[in-house]
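Breakdown of the fold
In case you want the letters, here they are:
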Amino acid sequence: MLSENNGQIMAFVDYYNVLGVDKNASAEDIKKAYRKLARKYHPDMNPNDDAAKQKFQEINEANEVLTDPEKRQKYDQYGEHWKHGEAYEQAQQQQHRDTSSGSPFGGFDFGYSGNYDSGEFSDFFEQMFGSRRGGGRQTKFRGDDYNATLRLSLQEAYTTHQQTFTINGKTIRITIPAGVEDGQKIRLKGQGGEGINGGPAGDLYIQFVIDPDPGFQRVGNDLYSEKNIDLYTALLGGDIVVDTLDGKIKVKVKPETQNGTKIRLKGKGFPVYKKEGAFGDLYVTLAVSLPTGLSEKEKELIKQLSNLRT
Amino acid sequence: MKTTWIRAADVCKSHQIDIQFIRELSANGLIELFVEEEEEFLEEEQLKPLEQFAAWHYELELNVQGIEVARHLLTKIEYLQTEIARLHQRLR
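So, here is what we can say about the structure in this document. (Residues numbered from 1 in each chain as written. Chains lettered and ligands numbered in written order. Predicted model: local features only at pLDDT ≥ 70, side-chain atom pairs only at ≥ 80, totals over all residues. Heavy atoms only, no water.)

1. Quick notes on the overall build of chain B
Tallying secondary structure elements over chain B gives four helices and three strands in all. When its helices and strands are written in sequence order, chain B yields β-α-α-β-β-α-α. A burial count over chain B gives 32% of its 92 residues as buried. Considering only contacts in chain B between residues 6 or more positions apart, those separated by 24 or more positions represent 56%. When the accessible surface of chain B is totalled, it reaches about 6500 Å², and 51% of it is carbon and sulfur. (Helix = DSSP H or I, 4+ residues; strand = E, 2+ residues; numbered from the N terminus. Buried < 20%, exposed > 50% of the residue type's maximum accessible area, 1.4 Å probe, protein only. Contact = heavy atoms within 4.5 Å. Areas by Shrake-Rupley, 256 points an atom, 1.4 Å probe, with all protein chains shown as cover.)

Rendered as structure tokens:
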């Protein structure tokens, strides 16, 4: 049923129908019906379901009216005849007069609400009962939690930095501390969905996914890498340059270093999460590269070397 | 990472929750409650699920068994929604 009031078309809301109860339903019946429907359509029970959220708001609105004896009386008296705008207008004017002279509607709270967004109730409710200000018995519900994934390179995860991104139309800027782990989740309080009936907003959970790096493997706070060295450096020792996430460093190789030798570079690993100045270690596995394309002279010299060893 | 412990009694007071309800949740493995020197404590990260369970209990009149079932099904829904989103992504 649609009614016109001040040029606006508004739909009559059959609150009894919303709760699925009879017009003569007792307060206990209404409470039971509300609980049953609230369990079914509660946003917690219907994640990411806008239709359920909408339905839940309708149920709340119906409950708000039908569990308040004064609101219910008023609704029963005029609600059905909403289309008779003139009659309702008179009733409203009468009510204003009555309010100041202590009528049955005198105690009716036209002013609910504070932190309630009146836009969440129907126009019908707003016109009939006014916007809610002040207290109100309505249950507040926390908004939905949002989950997001943020991909980082190993290099990005190595340093504390800021990132800006947009979730559900909201731009969020966060500081990502150095040392975050793959799969780690952080919570941004109040950055999730809006609450219902003035309830608190949900939280935003961000899960970090750290892409594999071609040069380094991360295990906890330690890093592992591989470095090729030539045969002669392996045999005679020398200096090599090793890549770290912080730049290149010079490392001494001992004479007679075997293939697969692991060297530990203390403090050159990954930063420890939220522990400034603390770092894991870098383990470099040395892979000895054997020369190829030997000349005749090289072959002869290596044979001589070989003979010396046997 | 640093863990913050909160006295269960303080949570009960601030959230108007019956301690027995928290103990029941703990007995059913829905939250973790620790006892130290005869005092019950919760980890800070347990607060959020506790608040949610309390809302289900006091506002929707779910008992602890109902909460357990609801949580289990919601975990499944969440997994399936993620899976659907992933498959949608693959189809694009």
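2. Things to note about the side chain of A:Thr244
Residue and element names in this part refer to chain A. Here Thr244 is to be found in strand S10 (residues 238-244). With a relative accessible area of 10%, Thr244 lands in the buried category. Here the side chain of Thr244 touches Gly247 through a polar contact of 2.6 Å, landing on its backbone oxygen. (Polar contact = N/O pair within 3.5 Å; in protein donor to acceptor, adjacent residues only side chain to side chain.)

3. Things to note about the pairing of strand S5 (residues 170-176) of chain A
Side-chain positions along a regular strand alternate between the two faces of the sheet. All names here are of chain A. In this sheet, S5 lies alongside strand S4 (residues 161-167) in antiparallel orientation, the contact comprising seven bridges. From the neighbouring strand, Thr164 faces S5, where its bridge partner is Arg173. Counted between consecutive antiparallel strands, the loop separating S4 from S5 contains two residues, among which Asn168 sits at a positive phi close to 50°. (Pairing = 2+ DSSP bridges.)

4. A closer look at the packing of aromatic side chains
All names here are of chain A. All chains considered together, the criterion is met by eight aromatic pairs over all chains. Measuring from centroid to centroid gives 5.7 Å for Tyr158 and Phe270, while their planes differ by 70°, and the two rings are edge-to-face. Of this pair, Tyr158 sits in helix H7 (residues 154-158) while Phe270 is found in the loop between strand S12 (262-265) and strand S13 (282-289), placing the two residues 112 residues apart along the sequence. Classification of Phe270 by relative accessible area gives buried; the value is 0%. An aromatic cluster of three or more residues is present, and its members are Tyr15, Tyr16 and Tyr75. Here Lys55 stacks its cationic end above the ring of Tyr41, 5.7 Å away from the centre of that ring. (Phe/Tyr/Trp six-rings, centres within 6.5 Å; stacked < 30°, edge-to-face > 60°. Lys NZ or Arg CZ within 6 Å of the ring centre and 35° of its normal.)

5. A closer look at the nonpolar core
Across soluble globular proteins, nonpolar side chains have a tendency to be buried as a group. Membership of the largest hydrophobic core comes to 49 residues, with the highest contact counts inside it found for A:Tyr15, A:Leu19, A:Tyr75, B:Leu25 and B:Trp56. Of all elements in the fold, only helix H1 (15-19), helix H2 (27-41), helix H3 (50-66) and helix H6 (123-129) of chain A together with helix H1 (8-15), helix H2 (19-27), helix H3 (47-59) and helix H4 (64-91) of chain B reach the threshold of two or more residues within this core. Counting residues in each nonpolar core, the second largest holds 35 residues, with A:Tyr158, A:Ile172, A:Leu245 and A:Leu286 among its members. (Core = buried A, V, L, I, M, F, W, Y, C linked by side-chain atoms within 4.5 Å.)

6. So, unusual backbone geometry
Residues and elements named next belong to chain B. Backbone geometry places Gln16, a non-glycine residue, at a positive phi of 55°. The topology assignment puts Gln16 in the loop between H1 and H2. On the accessibility criterion, Gln16 (71% relative accessible area) is exposed.

7. A short note on the interface of chain B and chain A
Taken together, the contacts link 14 residues of chain B with 19 residues of chain A. For the pairing of chain B and chain A, the buried interface totals around 1400 Å² over both sides, and the portion due to carbon and sulfur atoms is 55%. It is B:Lys48, B:Glu59 and B:Leu60 in chain B that bury the most area against chain A; as a group they hold 44% of the surface buried on that side. Counting across the chain B and chain A interface gives two salt bridges. Salt-bridge contacts for B:Glu61 lead to A:Arg35; the nearest nitrogen and oxygen are separated by 3.5 Å. Between the two partners, chain B and chain A, sit eight residue pairs in polar contact (both at pLDDT 80 or more). For the side of chain B that touches chain A, the residue count by class is eight nonpolar, two polar and four charged. (Buried area = accessible area lost by both parts, 1.4 Å probe. Salt bridge = Lys/Arg side-chain N within 4 Å of Asp/Glu carboxyl O. Nonpolar A, V, L, I, M, F, W, Y, C, P; charged D, E, K, R; others polar.)

8. Side note on the sheet that holds strand S2 (residues 33-36) of chain B
Strand pairs in the sheet, formed through backbone hydrogen bonds, run parallel or antiparallel to each other. Residues and elements named next belong to chain B. With respect to topology, three strands assemble into an open sheet ordered S1-S3-S2, the strand pairing being antiparallel. The sheet terminates laterally at strand S1 (5-7) and S2, the two strands that pair on one side only. Put simply, the sheet's adjacent strands are angled 40° from each other on average, direction ignored. Bridging between S2 and strand S3 (residues 39-43) involves four bridges; their strand directions are antiparallel. By the bridge assignment for S3, Glu36 is matched with Glu39. (Axes fitted to C-alpha atoms, helices over the stretch in contact; angles between N-to-C directions.)

9. Notes on the pattern of salt bridges
All names here are of chain A. Under the definition given, this model contains 14 salt bridges over all chains. Here Lys71 makes a salt bridge to Glu64, at a shortest N to O gap of 3.4 Å. The class for Lys71 is buried, based on a relative accessible area of 1%. Residues participating in the shared-partner salt-bridge network are Glu64, Asp68 and Lys71.

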